[in-house]
Amino acid sequence: MSDRPTFETQLRLALSTYVADAPVGVDPVAMTTFASRAHVPSTSWRFRRGSLLPILVGLLVVAVVGAAVALVASRLDQRTPPRTYIDEVVSAPDLSQEMTRPVLVALADGRVLVIGAGSDGDGRPTTALVYDPMTGSSASAGPFASPADPEEISAAVRLMDGRVFVTGNGAPQIFDPRTLQFTAVGPMVAERTDPALALLHDGRVLIASGLDSNREWLLSAELFDPATHTFSATGSMATVGPAYPWEAIATLPDGRRRALPCVTFGGFRHGASVSRCRPLSSCDSGHDRP
Amino acid sequence: MGHFAGPVHQPDVTEIATEPATLDGTVQRAARGDEAAFANLISEHHASMSRVAFVICGDAETTRDAVQSAWAIAWARIGSVRDPSQIRAWLVAVAANEARQAVRRRRRIHIADIADANALVGDDDPADRISVVDLRRVLRGLTADERTLLALRYVAGLDSTEIAAQIGGSPSGIRSRLARLLDRLRIDLDHDGAWR
């Protein structure tokens, strides 16, 4: 039987040799003096009396400042379009559905109300959606307050309070961008199809001309008051013409119009291709007529 | 030192008049702030603490700093020692912990050249000299925690129960870690067949 020491014994002996250089010398009195004077930090952390209050105050300040920054940022985001386009036409994502002969209204928040019929328009119901030119997303709006065929909703104008007045074949209604719903108003003084609309500076809407039930152009005009949702007759026009009176009526710029991007359609009957621009003139509503 | 405020000791003894002049009494007096008793503890345990710390630190300077720091901690917390018979295990564990902290602060292990290592051994058997050089090389390859385990077991002579009580864990877990560590060392040190 071998008397060779075990590995553990050899290891212990080697370690004892290894630690021969350890600094074992010490002056006990001097070390005691040092140890008794040394500062040893506590290993346990605990709240001291009053330490919670500054933390809470700090958190409160951070919360208030953060809320203020978020509020200002949201206000700035609302006031400033994501991008300003000047005499520039850029591509934008398509609408979620094709729109034929659409009526366009730029909403106060930069979105666009699009009212039209489906592809070709024949037999397709009139629909409405709200399009965001910045994100390219579309949201369905409606349904309409009154039954409408593709030809009935022919004109719209944004009111001063942000709502939209739309009309067609004697079915006037108000669109609320917050709820995306239509509400019927009226009746109108005269039933008229394809009238011309203009927002007056006092907030009322001038509704002029249009076709009567005999498909004759009307000389009469009336006013819509958004505050009371009532219509009242006003002076008649001397003449009517040419054939499309909506091209001859507009509200003069008052200099306060916001620079919002508007939407134009690339061509008749194929409204899914959308471009954005910021013209210097009105972009509240428009028609894409042949 | 920037702070000279001495810690408040809270010894868990009540019968001062009847305490015997034993190790227990020395610990209890030291816990109450008796500097002479504390100096006695230093005389008795400083060498063991230094050897354990040296295995972990690998150089004398870091070892000296670590043990000095350990004595400061011992002064402040000796009142927490419930069993005076475990004072040696507690002190070497404090030293080992301070040595680990010192190594982590240093972020590197002192590398001594072979000439220094040979000089340490002096006139011992040449076979031992080679063994120490190998051992130094192997120790450099271990983690601070592994060197701590090795030092507490084979330098301080603590058993697995004492080590577990000081550094945490179960005695069986300590034994398993030691067994794995020995297997590694056996392979690393037995490259020439001398260690078996």
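Residues numbered from 1 in each chain as written. Chains lettered and ligands numbered in written order. Predicted model: local features only at pLDDT ≥ 70, side-chain atom pairs only at ≥ 80, totals over all residues. Heavy atoms only, no water.

Right, let's talk about the sheet that holds strand E13 (residues 230-234) of chain A for a bit. Residue and element names in this part refer to chain A. Ordered by their spatial adjacency, four strands build an open sheet running E10-E11-E12-E13, and the pairing between neighbours is antiparallel. Unpaired on one side and paired on the other, strand E10 (196-199) and E13 mark the two borders of the sheet. Strand-to-strand twist in this sheet, taken as the mean axis angle between neighbours without regard to direction, amounts to 25 degrees. (Pairing = 2+ DSSP bridges. Helix = DSSP H or I, 4+ residues; strand = E, 2+ residues; numbered from the N terminus. Axes fitted to C-alpha atoms, helices over the stretch in contact; angles between N-to-C directions.)

Residue and element names in this part refer to chain A. Considering every residue of chain A, the mean pLDDT works out to 72; 65% of them sit at 70 or more. At the level of individual helices and strands, chain A shows its lowest average pLDDT in strand E16 (residues 285-287), which scores 36, and its highest in strand E8 (residues 173-176), which scores 92. Within the model, pLDDT remains below 50 along residues 241-290, and this stretch shows 119 contacts once partners closer than five positions in the same chain are excluded. (pLDDT = per-residue confidence, 0-100. Contact = heavy atoms within 4.5 Å.)

Below, the discussion takes up the nonpolar core. Ranked by size, the top nonpolar core spans 64 residues in total, and within it Leu-11 of chain A together with Trp-71, Ile-78, Leu-150 and Leu-185 of chain B carry the most contacts. Dropping the residues within four chain positions of it, Leu-185 of chain B is found in contact with Phe-7 and Leu-11 of chain A together with Val-138, Leu-142, Leu-150 and Asp-190 of chain B. (Core = buried A, V, L, I, M, F, W, Y, C linked by side-chain atoms within 4.5 Å. Buried < 20%, exposed > 50% of the residue type's maximum accessible area, 1.4 Å probe, protein only.)

Bringing helix H8 (residues 160-167) of chain B into the picture now. Residues and elements named next belong to chain B. Among the residues making up H8, those that are buried are Ser-160, Ile-163 and Ala-164. The buried side chains of H8 occupy one side of the element, clustering within an arc of 100 degrees when seen end-on. Against the buried residues of H8 lie helix H7 (144-154) and helix H9 (171-189). Where H8 starts, the residue carrying a side-chain oxygen 3.1 Å from the main-chain nitrogen of Thr-161 turns out to be Asp-159. Directly beyond the C-terminal end of H8, a positive phi value near 95 degrees is found at Gly-168. (Arc of directions from axis to C-beta. Polar contact = N/O pair within 3.5 Å; in protein donor to acceptor, adjacent residues only side chain to side chain.)

All names here are of chain A. Mapped onto the fold, Arg-163 is located in the loop between strand E6 (155-158) and strand E7 (164-167). A polar contact is formed between the side chain of Arg-163 and the side chain of His-229, at a distance of 3.2 Å. Among residues more than four places away in sequence, those in contact with Arg-163 are Val-157, Arg-158, Ile-174, Phe-175, Asp-176, Pro-177, Pro-226 and His-229.

As a further point, take the packing of aromatic side chains. What the rule picks out here adds up to eight aromatic pairs over all chains. Ring centres of Phe-165 of chain A and Phe-231 of chain A lie 6.1 Å apart, and the angle between their planes is 50 degrees; this geometry places the pair in the tilted category. Here Phe-165 of chain A, found in strand E7, pairs with Phe-231 of chain A, found in strand E13; they are 66 residues apart in sequence, far enough to count as distant. Just as Phe-165 of chain A is buried, Phe-231 of chain A falls in that class too. Between the aromatic rings of Phe-38 of chain B and Trp-71 of chain B, the centroid separation amounts to 5.5 Å while the plane-to-plane angle is 80 degrees, which identifies the pairing as edge-to-face. Of this pair, Phe-38 of chain B sits in helix H2 (residues 35-57) while Trp-71 of chain B sits in helix H3 (residues 60-77), and the two are 33 residues apart along the sequence. Note on accessibility: Phe-38 of chain B and Trp-71 of chain B belong to one class, buried. Each residue in the set Phe-144, Phe-175 and Phe-182 of chain A is aromatic and connected to the rest through ring pairs, giving one cluster. (Phe/Tyr/Trp six-rings, centres within 6.5 Å; stacked < 30°, edge-to-face > 60°.)

It is worth spelling out the pattern of salt bridges at this point. Proximity of charged atoms lets side chains of opposite charge pair with each other. Under the defined criterion, the tally for this structure stands at eleven salt bridges over all chains. Between Arg-29 of chain B and Asp-34 of chain B there is a salt bridge; the shortest N-O distance is 3.6 Å. (Salt bridge = Lys/Arg side-chain N within 4 Å of Asp/Glu carboxyl O.)

Turning to unusual backbone geometry, a few remarks are in order. All names here are of chain A. Note the cis peptide between Gly-142 and Pro-143, where omega equals 15 degrees. Mapped onto the elements, Pro-143 comes out in the loop between strand E5 (138-141) and E6. Here the amide bond leading from Gly-186 into Pro-187 is cis, since omega sits at 10 degrees, within 30 degrees of zero. With respect to the secondary-structure elements, Pro-187 resides in the loop between strand E9 (181-184) and E10. The phi dihedral of Ser-209 is positive, around 60 degrees, even though this residue is not glycine. Here the phi dihedral of His-229 falls at roughly 60 degrees; this positive angle occurs in a residue that is not glycine. Summarising the element assignment, His-229 is placed in the loop between strand E12 (221-225) and E13.

All names here are of chain B. Chain-level statistics for chain B give a pLDDT mean of 77 and a share of 72% at 70 or above. Mean pLDDT across the secondary structure elements of chain B bottoms out at helix H5 (residues 114-121), with 43, and peaks at H2, with 93. This stretch, residues 1-20, has a pLDDT under 50; its non-local contacts, to residues over four places away or in other chains, come to 33 contacts. Scoring of the predicted complex yields 0.45 for pTM and 0.76 for ipTM.

Right, let's talk about the side chain of Ser-160 of chain B for a bit. Here Ser-160 of chain B is to be found in helix H8. Dropping the residues within four chain positions of it, Ser-160 of chain B is found in contact with Pro-171, Ile-174 and Arg-175 of chain B.

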